[in-house]
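Secondary and tertiary structure notes
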Number of protein chains: 2
Amino acid sequence: MALSFDFTNMMAGALPPGAGISGEQYAASADAFARAHAAVHARTHDLGFLTLATNVPLLAQSLAVAERLRGRFDDILLLGIGGSALGPIALRTALCPPRWNELTKEQRGGHPRLHVLDNVDPATIEAMLARLELAKTLVLVVSKSGGTVETMAQYLIVRDALAQALGEEVAKQHIVLVTDPQVGALRRIARDEGITAVEIPANVGGRFSVLSPVGILPAALIGIDVQALLAGAAHVTEQAQSPELSRNLPGTFAVLQWLADTRHGRSVQVLMPYADTLRDLAHWFVQLWAESLGKLKPDGSSVGPTPLPAVGATDQHSQVQLFMEGPKDKTVTFIAVQGREHEGRIPARHADFPELGYLGGHSLGELIDIEQRATAGALAARGRLNATISVDTVDAWHVGALMQLFALATAYAGELYGVNAFDQPGVELGKQFAYAMLGRAGSDQARAEWDALPKPDPRWRM
Amino acid sequence: MALSFDFTNMMAGALPPGAGISGEQYAASADAFARAHAAVHARTHDLGFLTLATNVPLLAQSLAVAERLRGRFDDILLLGIGGSALGPIALRTALCPPRWNELTKEQRGGHPRLHVLDNVDPATIEAMLARLELAKTLVLVVSKSGGTVETMAQYLIVRDALAQALGEEVAKQHIVLVTDPQVGALRRIARDEGITAVEIPANVGGRFSVLSPVGILPAALIGIDVQALLAGAAHVTEQAQSPELSRNLPGTFAVLQWLADTRHGRSVQVLMPYADTLRDLAHWFVQLWAESLGKLKPDGSSVGPTPLPAVGATDQHSQVQLFMEGPKDKTVTFIAVQGREHEGRIPARHADFPELGYLGGHSLGELIDIEQRATAGALAARGRLNATISVDTVDAWHVGALMQLFALATAYAGELYGVNAFDQPGVELGKQFAYAMLGRAGSDQARAEWDALPKPDPRWRM
């Protein structure tokens, strides 16, 4: 069980003249990284994600709830958005058989489906409620603050539907709240109404919460090996104790992306796993990287790379033309999966057709791996920076390891960029405008600011 | 039935000083647009996508095949990648009830499911074949060239599985090939073996093919109103006959994005529908915009904006922090849906909780619309360029209209950037490297070039 990281194609020697990070530049970043490392690891008390993988009482809480609920439900409906949704979706896609929710209960080994409502589109929620058998449905309501507008609106609708279908008392037994241990509306509802609640530790922010009950509870309910997930994350955390750049994989990932952005103009940073199962892990990474690093600094400057999700080989037929020939403003990080070379044997047929004959006897596992290496080589040959993280296989251990790798890298990158990786002040203004339009108490100032914005200009409308 | 476009927030007057496109700049682009318009519409003979919406014989071909196959299949398995997959996926997500493939046959009105295999991940294909009842499965093999390596590999595997399950003769009746009318391996297979084939006109490229049988045949099979889809596209094409910038919606979209990129440094261009059903349309747009415009020009310069997919309100909790506070290198184009204000009534409960009380009596339709406008206003207030395309509703007519809007805009943008929007030479090198590793005949030169690339450097490996 291991992760490896090959960043040859980020470095000057492997790329055409003028492109790439020099060995000197990488070496000279060792001190900056050591300071970033010290700053992050000194905050173990504040940064709960550093110890989630070894937080035994917290794991026990999710496992006890999952055990108590085992066998009672065919469907889990998770209400959440952002960090409350992206982690559970990524775990389901990576670690359950493909298209889990399309399988029969028998094909699912008796485990429930997992539906995630991560938006307030009325069409989606209506269709979902029309389809679910609520008597066999468990609702997980996930919000760190316990007050997220989208999740609260979903909750009011779903709670009403449950109460109508099952009665108020039974409805409560179909709900588990996942929220802050002390504050917020969900915690108060849990106390007032005796609804089961599990805690997101106060020092764990939404986008760093996948290894808290936010991800662990739904994962346990649908049969994912959560102990292996945490073991993979613990392994990476342990390895990352080293402040030495060349021994710290998440640190090296962070430093390279930071140098590529700030010194080489590579501000768009693609994550491109060559595995369908890691498609949603790339989306989870997008939130982590974008929301943590995209910040206005106190000096008024704006920083933050733009993460871009992709999937190989699929996106070779969509985005790779741009990566190859478009502006030299990108890095691509591949995730390669080892050990598939015997999977998906391609039978020989039409041996005389040039388009088909050469494929017979190869395997899909070989093909997808060859395509990844070919794309990496072609990008490098054209001066496009890229690197490859390799995993032995896509299992719970490696997914936990990958997630912790990116979480640590994000924390380090926050220090390198000189921003707070753990807040999101930029979304406040939009929230306040929405509150004002909804008539929430205390939004008079936002209302005034909203009303003062320029109105739609008929000249610029068609 | 209508589309509208409000680009006030792209323009200087609505944004803080220093940001935005000036009225003069927009007006001064009218001539450049008129030339681009003339160049595109002069090529009606070459650019088949311009007339797909009114190509009656082509539509009849798909409808006849769909009619002949009606009722015979529970599952459609589409083998294709890139433009052969993104369009059908976008149509299914936009125009079938949510999570179509999870519904029962009765809930689907008797129509089949649609599965799209758009990768060569052995785990995905193995799981798919293990689950499908092949006796009730129709396989669509979609490749313009008839030789796409990924699709050919899928075809060999699926053809073998069909033959084993049903016998060679019956297997042929479970296959429809969608390909060029004359050239390529799939066309030859159709002729040699008497397998049904429908044509992608020779003058229609993969990413512009959604309104050809590539999208129309699977859409018709799963019960989408393909005539309405084409009518929406025909409407937009008709409107776009005007070479006058201020009367040409796709033209204005193209000109604004081009100006924002080339004059204002806004090189990342986000498409953010506020509707779950349009999520995959944003992915379809990504291919169209990226692969058409991301090009190396003859003078050696690289051009091309980077399209970024998002979904509202969901991505307010993921990417919007970066859009608000990160570098001023982005535009955001929202797609808003009108007329949802009465959908998804939010019941009153916990009226005394500040986090919930204000929501009661509102609707989800109101909420999602308010959030879109609040986000647009907040972005503008912070100098971030954005615009909003509004549709009355998400139905076949409007989806056809949106797709044609973006296809036309892409063609115009190609002219504005001075690139060929209809080729993809940048992916050739990676293909050749893959052929070399697979031992395809004629790839000796690629093999030599591959072997000459720098090897992984042990210093840059961990």
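Residues numbered from 1 in each chain as written. Chains lettered and ligands numbered in written order. Predicted model: local features only at pLDDT ≥ 70, side-chain atom pairs only at ≥ 80, totals over all residues. Heavy atoms only, no water.

Observations concerning the overall build of chain A
Helix and strand content of chain A: 17 helices and 12 strands. Taken against the 2.2 N^0.38 rule, which gives 23 Å for 462 residues, the C-alpha radius of gyration of chain A at 24 Å falls within 12% of a compact globule. Projecting the C-alpha coordinates of chain A onto the three principal axes gives extents of approximately 70 × 60 × 55 Å. Looking at the 462 residues of chain A, the share that counts as buried comes to 65%. Across chain A, every contact between residues at least 6 apart in sequence was considered, and the portion connecting residues at least 24 apart equals 75%. Only carbon and sulfur atoms are counted for the fraction: they give 51% of the accessible area of chain A, which is about 15,300 Å². (Helix = DSSP H or I, 4+ residues; strand = E, 2+ residues; numbered from the N terminus. Rg over C-alpha atoms; globule rule 2.2 N^0.38 Å. Buried < 20%, exposed > 50% of the residue type's maximum accessible area, 1.4 Å probe, protein only. Contact = heavy atoms within 4.5 Å. Areas by Shrake-Rupley, 256 points an atom, 1.4 Å probe, with all protein chains shown as cover.)

Considerations on the side chain of Ser29(B)
All names here are of chain B. Mapped onto the fold, Ser29 is located in the loop between helix 1 (23–28) and helix 2 (30–41). Polar contacts involving the side chain of Ser29 include one to the main-chain carbonyl oxygen of Gln25, which spans 2.8 Å. Other than its neighbours up to four places away in sequence, Ser29 contacts Leu245, Val255, Trp258 and Leu259. (Polar contact = N/O pair within 3.5 Å; in protein donor to acceptor, adjacent residues only side chain to side chain.)

Description of the packing of helix 11 (residues 249–264) of chain A against helix 15 (residues 396–417) of chain A
All names here are of chain A. At their nearest, the axes of helix 11 and helix 15 sit 8 Å apart, and the two run at 45 degrees to each other. With respect to their mutual orientation, helix 11 and helix 15 come out oblique. Crossing of helix 11 over helix 15 shows right-handed handedness. In this structure, helix 11 contributes Leu249, Pro250, Gly251, Phe253, Ala254, Val255, Gln257, Trp258, Asp261 and Thr262 to the contact, and helix 15 contributes Leu405, Phe406, Leu408, Ala409, Tyr412, Ala413, Leu416 and Tyr417. Residues of the contact of helix 11 with helix 15, tallied by class, amount to 14 nonpolar, 3 polar and 1 charged. (Axes fitted to C-alpha atoms, helices over the stretch in contact; angles between N-to-C directions. Parallel < 35°, antiparallel > 145°, perpendicular 65-115°, else oblique. Left-handed = near helix turned anticlockwise from the far one by under 90°. Nonpolar A, V, L, I, M, F, W, Y, C, P; charged D, E, K, R; others polar.)

Thoughts on the relation of the copies chain B and chain A
Between the two copies, chain B and chain A, the superposition gives an RMSD of 0.0 Å; the rotation angle is 180 degrees and the shift along the axis is 0.0 Å. Such a turn and shift between the copies fits a two-fold axis. Distance from the rotation axis, computed per C-alpha, reaches its smallest value in chain B at Glu102(B): 2.5 Å. Of the residues that chain B buries at the interface, 100% are likewise interface residues in chain A, meaning the two copies contact each other through the same surface. (Least-squares fit on C-alpha atoms with pLDDT ≥ 70 in both.)

Describing the domain arrangement of chain A
Residues and elements named next belong to chain A. When its domains are assigned, chain A resolves into domain 1 (3–41 + 230–417) and domain 2 (48–224). Placing a centre on the C-alpha atoms of domain 1 and another on those of domain 2 gives a separation of 31 Å. Between domain 1 and domain 2, the residue contacts involve 28 residues of the former and 21 residues of the latter. Overall, the association of domain 1 and domain 2 removes approximately 2,000 Å² of surface from exposure, summing both partners, and the carbon and sulfur fraction of that is 72%. Where domain 1 touches domain 2, the interface holds 1 salt bridge. Close ionic contact of Glu291 with Arg207 constitutes a salt bridge, the shortest N to O distance being 3.2 Å. For the pair domain 1 and domain 2, the number of links is 5 residue pairs in polar contact (both at pLDDT 80 or more). Of all the secondary structure elements, the ones that give two or more residues to the side of domain 1 that touches domain 2 are helix 2 (30–41), helix 10 (226–239), helix 12 (279–293) and helix 15. Split by residue class, the side of domain 1 that touches domain 2 holds 15 nonpolar, 8 polar and 5 charged. (Domains from an automatic or database assignment. Buried area = accessible area lost by both parts, 1.4 Å probe. Salt bridge = Lys/Arg side-chain N within 4 Å of Asp/Glu carboxyl O.)

A closer look at the packing of helix 4 (residues 83–95) of chain B against helix 15 (residues 396–417) of chain B
Residue and element names in this part refer to chain B. Contact pair helix 4 / helix 15: the axes reach a minimum separation of 10 Å and the direction vectors enclose 145 degrees. Note that helix 4 runs across helix 15; the crossing there is right-handed. Two secondary-structure elements touch here, helix 4 through Gly87, Ala90, Leu91, Ala94 and Leu95 and helix 15 through Ala396, Val399 and Met403. When its residues are assigned to classes, the contact of helix 4 with helix 15 shows 7 nonpolar, 1 polar and no charged.

Examining the environment of Arg349(B)
Residue placement: Arg349(B) occurs in the loop between strand 11 (330–337) and helix 14 (364–381). Sequence spacing of Arg349(B) and Gly360(B) is 11 residues, and the spatial spacing of their C-alpha atoms is 6.9 Å. Other than its neighbours up to four places away in sequence, Arg349(B) contacts Leu156(A), Arg159(A), Asp160(A), Ala163(A), Glu168(A) and Leu356(B).

A look at the confidence of the model for chain A
Here chain A averages 97 in pLDDT, and 100% of its residues register 70 or above. Interface confidence in the predicted complex, given as ipTM, is 0.98; pTM for the same model is 0.98. (pLDDT = per-residue confidence, 0-100.)

A word on helix 8 (residues 185–193) of chain B
All names here are of chain B. For helix 8, the full list of buried residues reads Ala185, Leu186, Arg187, Ile189, Ala190 and Glu193. Those residues of helix 8 that are buried lie in contact with strand 4 (137–143), helix 6 (149–166), helix 7 (168–172), strand 5 (175–179) and strand 6 (196–199). Positioned one or two residues after helix 8, Gly194 has a phi angle of 65 degrees, which is positive.

A look at unusual backbone geometry
All names here are of chain A. Following Gly312, the chain continues to Ala313 via a peptide bond in cis, the omega torsion being 0 degrees. Within the element layout of this structure, Ala313 appears in the loop between strand 10 (306–309) and helix 13 (320–325). A positive phi angle is found at Arg99, which is not glycine, with a value near 50 degrees. Of note, Arg99 is situated in the loop between helix 4 (83–95) and strand 3 (113–117).

Some details on the environment of Pro243(A)
Within the secondary structure, Pro243(A) sits in the loop between helix 10 and helix 11. When residues no more than four places from it in sequence are discounted, the contact partners of Pro243(A) are Phe33(A), Ala34(A) and His37(A).

Section: the sheet that holds strand 12 (residues 385–391) of chain A
All names here are of chain A. Taken together, the 5 strands give an open sheet; going across it, the order is 1-12-11-7-10, and neighbouring strands pair in mixed fashion. Taken across any chain shown, the strands that pair with only one partner, and hence form the sheet edges, are strand 1 (3–6) and strand 10. Taken over all neighbouring pairs, the strand axes of this sheet differ in orientation by 20 degrees on average, direction set aside. Looking at chain direction, strand 11 (residues 330–337) and strand 12 are connected through 7 bridges and run parallel. Counted as the bridge partner of Val337 is Val391 from strand 12. Lying over the sheet, helix 14 (residues 364–381) contacts strand 11 and strand 12, oriented at roughly 160 degrees with respect to strand 11. (Pairing = 2+ DSSP bridges.)

Details of the nonpolar core
What tends to happen in soluble globular proteins is that the nonpolar side chains get buried as a cluster. Counting residues in hydrophobic clusters, the biggest one holds 122 residues, and the most contacted among them are Met272(A) and Met272(B). With sequence-adjacent residues up to four places away left out, Met272(B) is seen in contact with Ala310(B), Val311(B), Gly312(B), Asp315(B), Gln316(B), Val320(B), Phe323(B), Val332(B), Thr333(B), Phe334(B) and Ile335(B). Ranked by size, the runner-up nonpolar core spans 109 residues in total, among them Trp460(A), Ile21(B), Val142(B) and Val337(B). (Core = buried A, V, L, I, M, F, W, Y, C linked by side-chain atoms within 4.5 Å.)

What about the pattern of salt bridges?
For the coordinates displayed, the defined rule picks out 42 salt bridges over all chains. With a shortest N-O distance of 2.6 Å, Glu193(A) and Arg159(A) are connected by a salt bridge. On the criterion of sequence distance, the pair formed by Glu193(A) in helix 8 (residues 185–193) and Arg159(A) in helix 6 (residues 149–166) is long-range, its members being 34 residues apart. For the pair Glu193(A) and Arg159(A), one class covers both residues: buried. Salt-bridge contacts for Arg159(B) lead to Glu168(B); the nearest nitrogen and oxygen are separated by 3.1 Å.

What about the packing of aromatic side chains?
The final tally for this structure, using the stated rule, is 34 aromatic pairs over all chains. Ring centres 5.7 Å apart and planes at 85 degrees place the aromatic pair Tyr358(A) and Tyr435(B) in the edge-to-face group. Within this pair, whereas Tyr358(A) is found in the loop between strand 11 and helix 14, its partner Tyr435(B) is found in helix 16 (residues 428–438), the two belonging to separate chains. Neither residue differs from the other here; Tyr358(A) and Tyr435(B) are each classed as buried. Ring-pair connections join several aromatic residues into one group, and the members of that group are Phe5(A), Phe7(A), Tyr26(A), Phe253(A), Phe285(A), Trp289(A), Phe406(A) and Trp460(B). Over the ring of Tyr435(A) we find Arg440(A), and its NZ or CZ is 4.4 Å from the ring centre. (Phe/Tyr/Trp six-rings, centres within 6.5 Å; stacked < 30°, edge-to-face > 60°. Lys NZ or Arg CZ within 6 Å of the ring centre and 35° of its normal.)

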